[in-house]
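# What the coordinates show
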Amino acid sequence: MGLSKKEISILIEIIFSIVFVFIFLPYFYENQEINLILMDDLIGKIIEILIFTVIYFSIAYSLLEFIFKKKESKDERDDMINSKSYKLGYLLYEFSLFIFIGYVCSKFQNKELLNLTGNQELYNNFQLTDGGIVFFVLVLLAFISIIKSLYQFYLHRTV
């Protein structure tokens, strides 16, 4: 199974998204009930993500260029594959926007239902926090990125 330079480049993106999900998303999951201001070492985690991203892609693409020294030509097939995969990504982003809006509206509706029951303690504890929104958005973005890249890889292997 010989992979081309473009296919390996796509696999690098897929691996990054999966590694991001397993390494950095648990931090946001654990802190989703907390506001962003109260999160422990949020700035440190963002800096850690940026440093990891720069180092990962620098090493991965440097190795890729070192292994595949000759430049691959770009043709209409590549443009078609990129167009199809980015179209799918765009549609998934639009769909996830509706999911996000539904999530926020359901949180507000559930809070109002708790208010109608008269249980003030549950009403005060039920919050839509910044951390929860950030976690939900990161999950959606990671999922969309993985699906788009997998589709792009599939198209490169089959078309």
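Our structure is the block above this text.
Remember, it's a predicted structure, so these values are computed and weren't measured experimentally.

### Some thoughts on a nonpolar patch on the surface
On the surface, Ile-43, Ile-46, Ile-47, Leu-50, Ile-51, Ile-55, Ile-59, Leu-63, Phe-66 and Ile-67 cluster together into a nonpolar patch covering about 1000 Å² of accessible area. Structurally, Ile-55 is set in helix H3 (residues 42-67). Overall, Ile-55 belongs to the partly exposed group, its relative accessible area being 45%.

### Here's the deal with the pattern of salt bridges
Scanning the entire structure with this criterion turns up six salt bridges. Note that Lys-45 is salt-bridged to Glu-48, the shortest N-O span being 3.6 Å. Separated by three residues within a single helix, Lys-45 and Glu-48 lie in helix H3, roughly one turn from each other. Judged by relative accessible area, which is 40%, Glu-48 ranks as partly exposed.

### A word on the packing of helix H1 (residues 5-23) against helix H6 (residues 130-158)
It is at 9 Å that the axes of H1 and H6 come closest, and there the two elements cross at 160 degrees. Taken together, the axes of H1 and H6 are roughly antiparallel relative to one another. Like other packed secondary-structure pairs, H1 and H6 cross with a definite hand, here left-handed. Between H1 and H6, the residues in contact are Lys-6, Glu-7, Ile-10, Leu-11, Glu-13, Ile-14, Ser-17, Ile-18, Phe-20 and Val-21 and Leu-138, Ala-142, Ser-145, Ile-146, Lys-148, Ser-149, Leu-150, Gln-152, Phe-153, His-156 and Arg-157, respectively. Taken together, the residues that form the contact of H1 with H6 break down as eleven nonpolar, five polar and five charged.

### Describing unusual backbone geometry
With a phi close to 55 degrees, Asp-41 is a non-glycine residue in the positive phi region. With respect to the secondary-structure elements, Asp-41 resides in the loop between helix H2 (25-30) and H3.

The rules we used
- Residues numbered from 1 in each chain as written.
- Predicted model: local features only at pLDDT ≥ 70, side-chain atom pairs only at ≥ 80, totals over all residues.
- Heavy atoms only, no water.
- Patch = residues over 30% accessible without salt bridge, like charges linked within 9 Å, V, L, I, M, F, W, Y side chains within 5 Å.
- Areas by Shrake-Rupley, 256 points an atom, 1.4 Å probe, with all protein chains shown as cover.
- Salt bridge = Lys/Arg side-chain N within 4 Å of Asp/Glu carboxyl O.
- Helix = DSSP H or I, 4+ residues; strand = E, 2+ residues; numbered from the N terminus.
- Buried < 20%, exposed > 50% of the residue type's maximum accessible area, 1.4 Å probe, protein only.
- Axes fitted to C-alpha atoms, helices over the stretch in contact; angles between N-to-C directions.
- Parallel < 35°, antiparallel > 145°, perpendicular 65-115°, else oblique.
- Left-handed = near helix turned anticlockwise from the far one by under 90°.
- Contact = heavy atoms within 4.5 Å.
- Nonpolar A, V, L, I, M, F, W, Y, C, P; charged D, E, K, R; others polar.

In short, geometric facts, not functional conclusions.
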